[in-house]
Amino acid sequence: MQEFLLLIHGSGYKDESPKMLKKHMERYINWMDSLVKQEKFVKGHRLDDSGHYLMDKDTVISDGPFLEPKEIIGGYIIIKAENLENATKIAQQCPLIDEFQISIRPMYKGPNEHEFPK
């Protein structure tokens, strides 16, 4: 099994009523619980709305309404899957896909996480 990073992009659910937001979260929690039971969930968390964006070493931009909604990363999930195709199928089942975009990236499989390929 390999680990994959799912990056959740977009600004979905910003204008949802508390009742609808609760319904969406219940679906998401149920999906996450199923990943835990299948031993495919590694880690995940929602990100806070604050932050900075570095254009270069001297240009720091604070998150704000000037960022495109598609560029906002709302959270991440690390899952286990046999390959990229399987990880994609798992991500397609995520209830957040109705309102967000999900990037799927394999985690580097090197000797250790601090070494880079030569």
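Procedures and definitions
- Residues numbered from 1 in each chain as written.
- Predicted model: local features only at pLDDT ≥ 70, side-chain atom pairs only at ≥ 80, totals over all residues.
- Heavy atoms only, no water.
- Helix = DSSP H or I, 4+ residues; strand = E, 2+ residues; numbered from the N terminus.
- Buried < 20%, exposed > 50% of the residue type's maximum accessible area, 1.4 Å probe, protein only.
- Contact = heavy atoms within 4.5 Å.
- Areas by Shrake-Rupley, 256 points an atom, 1.4 Å probe, with all protein chains shown as cover.
- Pairing = 2+ DSSP bridges.
- Lys, Arg positive; Asp, Glu negative; His and termini not counted.
- Salt bridge = Lys/Arg side-chain N within 4 Å of Asp/Glu carboxyl O.
- pLDDT = per-residue confidence, 0-100.

A. Region of the structure containing the overall build of the protein. Per the secondary structure count, the protein includes two helices and six strands. Element order for the protein, N to C, with α for helix and β for strand: β-α-β-β-β-β-α-β. A burial count over the protein gives 25% of its 118 residues as buried. Here the analysis covers contacts within the protein between residues at least 6 apart in sequence; of these, 79% occur between residues at least 24 apart. Of the accessible surface of the protein, which amounts to about 8800 Å², a share of 53% is contributed by carbon and sulfur atoms.

B. Spatial organisation of the pairing of strand β5 (residues 73-81). Pairing of strand β1 (residues 2-9) with β5, which is carried by eight bridges, proceeds in the antiparallel orientation. Looking across to β5, one finds that Leu5 is bridged to Ile78.

C. Representation of the side chain of Lys40 within the structure. On the secondary structure map, Lys40 appears in the loop between α1 (18-37) and β2 (41-46). We note that Lys40 is buried and unpaired, the nearest opposite charge coming from Glu82 at a distance of 4.8 Å. Residues contacting Lys40, with those up to four places away along its chain left out, are Met1, Leu35, Ile78, Ile79, Lys80, Asn86 and Ile90.

D. Quick peek at unusual backbone geometry. We note that Glu39 has phi near 60°; this positive angle belongs to a residue other than glycine. By secondary structure assignment, the location of Glu39 is in the loop between α1 and β2.

E. Seen up close, the confidence of the model for the protein. Averaged over all residues, the pLDDT of the protein equals 82, while 79% of them reach at least 70. For the protein, strand β4 (residues 59-62) is the element with the lowest average pLDDT, namely 70, and helix α2 (residues 84-92) is the one with the highest, namely 95.

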